[in-house]
Amino acid sequence: MPKVLVVNAVLAGVVWLVWALVWGPGYFTVLADNWRVAVTMVFGSLVGGGTSEGGGAIAFPVMTKVLAVPPDQARVFTFAIQSVGMTAASLSILWCRVPIERRVVAYGSAAGVVGVVASVTLLAPLVPLRTVRALFTMLLVALAVALVVQLRQRGYRRQPALPVWSPRERRLVLAAGFAGGVVSGVAGVGENCVMFLLLVLLFRVSDKVATPTTVVMMTVVSLAAFLTHVLVTGDFTGPVVDYWTAAAPVVAVGAPLGAWICTRLTPMTIRTVLFVLIGAELVSTLLLVPFTVGTALASAITLGVFTALCLLLVRQDRYADPARDGAEAAAPMASGREPRPVPDA
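The present account deals with the structure reproduced in this document. Remember, it's a predicted structure, so these values are computed and weren't measured experimentally. (Residues numbered from 1 in each chain as written. Predicted model: local features only at pLDDT ≥ 70, side-chain atom pairs only at ≥ 80, totals over all residues. Heavy atoms only, no water.)

### Concerning the packing of aromatic side chains
How two aromatic rings sit relative to each other is given by the distance of their centres and the angle of their planes. Heads up, the condition is: The criterion for an aromatic pair is that two Phe, Tyr or Trp rings (for Trp, the six-membered ring) have centres within 6.5 Å, with stacked assigned to planes under 30 degrees apart, edge-to-face to planes over 60 apart and tilted to the rest. The way it works is that DSSP assigns letters per residue, a run of H or I at least four long becomes a helix, a run of E at least two long becomes a strand, and they are numbered from the N terminus. Three exposure classes are used, based on accessible area relative to the maximum for each residue type with a 1.4 Å probe and protein chains only: buried under 20%, partly exposed in between, and exposed over 50%.
As enumerated under the stated definition, the model contains 10 aromatic pairs in all. Here F203 and Y319 contribute two aromatic rings whose centre-to-centre distance is 4.9 Å and whose plane-to-plane angle is 80°, an arrangement assigned as edge-to-face. Taken together, the positions of F203 in the loop between α9 (191-202) and α10 (207-233) and Y319 in the segment after α13 (293-315) put the pair 116 residues apart, joining distant regions of the chain. For the pair formed by F203 and Y319, the shared burial category is buried. Ring centres of F226 and F236 lie 4.9 Å apart, and the angle between their planes is 90°; on these two criteria the pair is classed as edge-to-face. Taken together, the positions of F226 in helix α10 and F236 in the loop between α10 and α11 (239-263) put the pair 10 residues apart, joining distant regions of the chain. Accessibility classification places F226 together with F236 in one group, the buried group. Among the aromatic residues, those joined into a cluster by ring pairs are W19, W23, F226, F236 and W244.

### Observations concerning the pattern of salt bridges
So the rule is basically this: Here, a salt bridge means any Lys or Arg side-chain nitrogen found within 4 Å of an Asp or Glu carboxyl oxygen.
The full count for this structure, using the stated rule, is three salt bridges. Of the charged contacts in the structure, one is a salt bridge between R103 and E101, with a shortest N-O distance of 2.5 Å. Like R103, the residue E101 is buried in the burial classification. One connected set of salt bridges, linked through shared partners, spans R168, E169 and R318.

### Topic: the nonpolar core
The line we're drawing: Throughout, nonpolar core names a set of buried Ala, Val, Leu, Ile, Met, Phe, Trp, Tyr and Cys residues whose side chains join them through atoms within 4.5 Å. Two residues qualify as a contact provided that any one of their heavy atoms is within 4.5 Å of a heavy atom in the partner residue.
Grouped together as the largest cluster of nonpolar side chains are 46 residues, with contacts concentrated most on M195, L199, L201 and F203. With 10 residues, the top contributor of residues to this core is α9. Apart from residues lying up to four places away in sequence, F203 is in contact with Q159, L162, P163, E169, L172, V173, L198 and Y319.

### Details of empty space enclosed by the protein
Put simply, the rule reads: The way it works is a 1 Å grid over only the protein atoms, where trapped points that fit a 1.4 Å probe form a cavity and open points with protein on both sides within 12 Å along at least five of seven lines form a pocket, and then any residue with an atom within 4 Å of a point lines it. Grid points are joined across faces, edges and corners, and a volume is the space filled by probe spheres set on the points. When residue character is reported, Ala, Val, Leu, Ile, Met, Phe, Trp, Tyr, Cys and Pro are called nonpolar, Asp, Glu, Lys and Arg charged, and the others, Gly included, polar.
The final tally for this structure, using the stated rule, is four cavities of 30 Å³ or more. Quantified by volume, the largest cavity comes out at close to 140 Å³. If you list the elements that add at least two residues to the lining of the largest cavity, you get α4 (56-66), α7 (129-151) and α12 (267-288). Of the residues assigned to the lining of the largest cavity, the class counts are five nonpolar, three polar and four charged.

### A closer look at the environment of A187
Position of A187 among the secondary structure elements: in helix α8 (residues 167-187). Through-space distance from the C-alpha of A187 to that of L135 is 9.6 Å; in sequence the pair is 52 residues apart. When residues no more than four places from it in sequence are discounted, the contact partners of A187 are L129, V132 and R133.

### Considering the packing of helix α2 (residues 26-33) against α11
How we decide: Interaxial angle, 0 to 180 degrees, is taken between N-to-C directions of lines fitted to C-alpha atoms, where a helix line uses only the stretch in contact. Oblique is the label for any angle not under 35 degrees, not over 145, and not in the 65 to 115 range, which are roughly parallel, roughly antiparallel and roughly perpendicular in turn.
Two elements in contact, α2 and α11, have axes separated by 9 Å at closest approach and are oriented at 105°. One element, α2, and the other, α11, form an angle in the roughly perpendicular class. Counted together, Y27, V30 and L31 of α2 and D242, T245, A246 and P249 of α11 form the full contact between these two elements.

### A word on the layout of surface pockets
The space that makes up the largest pocket amounts to roughly 540 Å³. If you trace the largest pocket, you find 25 residues lining it, with L139, A179, V183, V194 and F306 closest to the centre. Taken together, the elements giving at least two residues each to the lining of the largest pocket come down to α7, α8, α9 and α13. Per element, the largest residue contribution to the lining of the largest pocket is eight residues, and it comes from α8. Residue classes in the lining of the largest pocket are distributed as 21 nonpolar, three polar and one charged.

### A closer look at the packing of helix α3 (residues 35-50) against α11
Counted only if it meets this: Here a crossing is taken to be left-handed if its near helix is turned anticlockwise relative to the far helix by less than a right angle, and right-handed if that turn runs clockwise.
Contact geometry for α3 and α11: axes closest at 6 Å, N-to-C directions at 30°. Where α3 crosses over α11, the handedness of that crossing is right-handed. Counted together, V37, A38, M41, V42, S45, L46, G49 and G50 of α3 and Y243, A246, A247, V250, V251, G254, A255, L257, G258, A259 and C262 of α11 form the full contact between these two elements. Residues that form the contact of α3 with α11 fall into these classes: 14 nonpolar, five polar and no charged.

### Digging into a nonpolar patch on the surface
Defined as follows: A patch consists of residues whose relative accessible area exceeds 30% and which take part in no salt bridge; residues with like charges are grouped when within 9 Å of each other, and nonpolar side chains (Val, Leu, Ile, Met, Phe, Trp, Tyr) when within 5 Å. Only the protein chains shown count as cover for residues, with accessible areas throughout obtained via the Shrake-Rupley method and a probe of 1.4 Å.
Together, V6, V10, V14, L17, V18, L21, V22 and W95 line one region of the surface with nonpolar side chains, adding up to about 750 Å² of accessible area. By residue number, the principal contributor to the nonpolar patch is helix α1 (residues 3-23), which donates seven residues. Tracing the backbone through its elements, the reader meets L17 in helix α1. Assessed through its relative accessible area of 52%, L17 is described here as exposed.

Honestly, it's all geometry; don't read function into it.
In structure tokens, the structure reads:
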């Protein structure tokens with residue numbers, strides 16, 4: 001049996017054991033009352049562990065529109081469940097030494113924690129969540145447009161690590177980490193998407209490295225947000241606790257499995273999956289989110305601005321050639337091997 005499957009089984013077993021000791025037979029009563037949430041997170045956990053979107057991209061629209069869960073409760077649940085599932089996925093990624101950009105994780109996560117704590121406590125109570133979700137969808141659509149344009153660039157090559165790590169790159173990662181944390185605080189997801197945008201569009205890092213990197217980052221941000229909801233805002237209560245109790249053993253299996261599946265896919269397949277998920281996000285937003293004139297106008301402006309920004313990043317060639325400006329001496333990946341271009345297929 002592959003090592004990763006053994007690791008994933010151990011992680012799931014630990015969660016199941018803790019749940020058995022804490023809730024005992026009463027767990028099945030909670031599961032019977034909230035089985036629809038648990039089923040939703042079968043798919044949400046696979047997406048959360050294996051893509052840059054996060055499990056909340058599945059959980060939030062299903063819970064608010066299909067299961068009629070209030071949006072504020074769905075947002076808190078998103079952080080709570082990602083704290084279990086994405087933690088398991090991240091431990092699997094680290095334990096199995098899946099290649100990630102550790103420098104980006106360190107700097108981006110630190111900034112993301114600051115951003116998400118400030119957002120949860122100061123910004124989230126003031127912003128209508130439905131509006132935020134519509135604007136977040138526009139960000140994803142802009143990312144998809146830029147990824148398509150990038151694929152059509154002549155001579156485009158993916159790299160397994162940042163070819164340059166100077167104060168400029170550190171500032172960019174810190175800024176993206178903070179912005180992603182702010183978005184996550186109001187939308188439930190976002191840290192992973194914003195950093196994926198920077199890594200793939202500007203830094204030209206391979207999707208196979210960028211995706212697990214953003215999963216680890218989103219784990220740290222989700223834990224910070226979850227603790228803020230528990231200890232500061234105090235809204236992890238009532239039915240949200242029951243939703244979390246029912247779904248946590250499910251995501252303990254699904255999220256690490258999604259992370260493992262990601263390692264078995266080619267970069268093009270990962271992008272195809274991302275395109276499908278972004279398409280589903282767009283369709284669900286258009287069908288399920290009530291658009292006012294103001295929301296529609298704000299969404300159109302947001303789409304235009306984000307698309308222009310993404311295309312601007314794609315057209316930057318500073319990181320297009322790993323040998324440029326002496327970048328062949330770039331810092332190695334966590335494995336200690338020198339970076340080599342990653343094939344497109």
